[in-house]
There are 2 protein chains.
Amino acid sequence: MREEFQADLNEVSRLLVTMAEAVRAALRKATTALLTADLKSAETVIERDVEVDAIYAQVEAKVADTIARQAPVASDLRMVITALHISADLERMGDLAEHVAKTAQRRHPSPAVPSELRPVFKKMAAAADHMAEKITTVLANPSAELAAELERDDDRMDELERDLFKILLDDDWPYGAETAIDGALLGRFYERYADHAVNVGEQMIYLVTGEPVTSQN
Amino acid sequence: MREEFQADLNEVSRLLVTMAEAVRAALRKATTALLTADLKSAETVIERDVEVDAIYAQVEAKVADTIARQAPVASDLRMVITALHISADLERMGDLAEHVAKTAQRRHPSPAVPSELRPVFKKMAAAADHMAEKITTVLANPSAELAAELERDDDRMDELERDLFKILLDDDWPYGAETAIDGALLGRFYERYADHAVNVGEQMIYLVTGEPVTSQN
């Protein structure tokens, strides 16, 4: 029974790692689509979101099956419920990558992001990618310490979002309201992606330590 | 055992109804804050979000306790896991109401919304309130039919968001990029609030019919 439960958990864990890798790849490709007005990349991200949703459904089914067959209690039960929360955050990260791709698609063949905004979006994308990489690592090898770093990584993302808004709200902003709105919404997609990565980190800390972390996201 | 399980479910259900009422009240008050530049209302919404988070934690604890004590399987298990998803959506609706309130607070004593945008925001707020009322009803008295209406209600919200963007993107928009960005983000908060209400409806349909509904949100 114990071994079976462990095997179930391992499978859930593998699914979560696959999902984290998929949403990391999705945002990387969506960023390429955004910064190079690359329609093909945008379409690929949009098409592949169903794959993320499919893994989400698999996690859900596997967790329900595990609870039904193994009737876990205490920390075992905490683990499987935590997996549900994590998969919900990952699923949402996939949606946000898709939103970035859809913005690139909508503006194609024009670039959605004018040249003044490219440096800050490159930095936001790099910060998000770094966080997605970290959660993939933490999901494969649970570490409360590494998970806790995500909160600090997110401070950096918030700082970048403020930098973005400074440019958008500058009196000399030459691109009009539409491009400003696109920039603000895109900024929010990256920032929310990072928030969900922080949530995953908090869930992993809870899993490892048993201490709940209060989320502000 | 069966009666105990039913009593557990009833308690979870009561908590969800309380939570739905709280996030409905939160958005109503946040809208007042937004449309009348009422600082006190904005502050109340922001302060009270912790109460929503507290009920969320109670649902989570009650569900874990129910699974551990009752070891539910099949449709019983589906019910308790569904409750977790619903509470996560309601928690996020509370956050979005808080975001509206924070925008009003940040702009106070100026109104965050210029007069041209007030009619569309009134309509968006009314649509959101109608949907929040509906999920409160459905949570108290599960009905797949009533829950299915939320998808159509959401079409109306999407239409209103398009109306909002038409105004923001008009060549004659006189308020500059900052107010346009605020308007776009506020529109998104209402639209996302409605999306989460649709998710709750889908979860309730799943609960009643056993048929999963694929979410696009």
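Every value quoted in this text rests on a predicted model; they were computed, and no experiment measured them.

Brief notes about the overall build of chain A
When helices and strands are counted, chain A shows six helices and zero strands. Ordered by position from N to C terminus, the α and β elements of chain A give α-α-α-α-α-α. Computed over the C-alpha atoms, the radius of gyration of chain A is 19 Å, within 12% of the 17 Å expected from 2.2 N^0.38 for a compact globule of 217 residues. The dimensions of chain A, computed from C-alpha atoms along their principal axes, are 65 × 30 × 20 Å. Buried residues in chain A amount to 46% of all 217 residues.

Structural notes on the packing of helix α2 (residues 39-70) of chain B against helix α3 (residues 74-107) of chain B
Residues and elements named next belong to chain B. The geometry of α2 relative to α3 is characterised by a closest axis approach of 9 Å and an angle of 170 degrees between their N-to-C directions. The angle between α2 and α3 places the two elements in the roughly antiparallel class. In the contact of α2 with α3, the residues fall into 15 nonpolar, four polar and eight charged.

Quick word on the interface of chain A and chain B
Opposite the 19 residues of chain A that make contact, chain B presents 19 residues. Counting only elements with at least two residues in the side of chain A that touches chain B, the list comes to α2 (39-70), α3 (74-107) and α6 (176-209) of chain A. The element that contributes the greatest number of residues to the side of chain A that touches chain B is α6 of chain A, accounting for seven residues. Residue classes in the side of chain A that touches chain B are distributed as 17 nonpolar, no polar and two charged.

Concerning the environment of Leu185 of chain A
Along the chain, the position of Leu185 of chain A falls in helix α6. Note on Leu185 of chain A: 18 C-beta atoms within 10 Å, which makes it partly exposed. Sequence spacing of Leu185 of chain A and Val100 of chain A is 85 residues, and the spatial spacing of their C-alpha atoms is 9.0 Å. The contacts of Leu185 of chain A, once residues within four sequence positions are left out, are Ala184 and Arg188 of chain B.

Description of the relation of the copies chain A and chain B
For the match of chain A to chain B, the screw axis carries a shift of 0.0 Å, the RMSD comes to 0.0 Å, and the turn is 180 degrees. Taken together, the rotation angle and the small translation identify this as a two-fold axis. The fraction of interface residues of chain A whose copies in chain B are also interface residues reaches 100%, indicating that both copies meet through the same surface.

Observations regarding the packing of α6 of chain A against helix α6 (residues 176-209) of chain B
For the pair α6 of chain A and α6 of chain B, the least separation of the axes is 9 Å and the interaxial angle reads 45 degrees. With respect to α6 of chain B, the axis of α6 of chain A lies oblique. Crossing hand, α6 of chain A versus α6 of chain B: right-handed. Where α6 of chain A abuts α6 of chain B, its residues Ala177, Ala180, Ile181, Ala184, Leu185 and Arg188 of chain A lie against Ala177, Ala180, Ile181, Ala184, Leu185 and Arg188 of chain B. The residue makeup of the contact of α6 of chain A with α6 of chain B, split by class, is ten nonpolar, no polar and two charged.

Rules used in this analysis
Residues numbered from 1 in each chain as written. Chains lettered and ligands numbered in written order. Predicted model: local features only at pLDDT ≥ 70, side-chain atom pairs only at ≥ 80, totals over all residues. Helix = DSSP H or I, 4+ residues; strand = E, 2+ residues; numbered from the N terminus. Rg over C-alpha atoms; globule rule 2.2 N^0.38 Å. Buried ≥ 20, exposed ≤ 12 C-beta atoms within 10 Å, placed from the backbone. Axes fitted to C-alpha atoms, helices over the stretch in contact; angles between N-to-C directions. Parallel < 35°, antiparallel > 145°, perpendicular 65-115°, else oblique. Nonpolar A, V, L, I, M, F, W, Y, C, P; charged D, E, K, R; others polar. Contact = placed C-beta atoms within 7 Å. Least-squares fit on C-alpha atoms with pLDDT ≥ 70 in both. Left-handed = near helix turned anticlockwise from the far one by under 90°.

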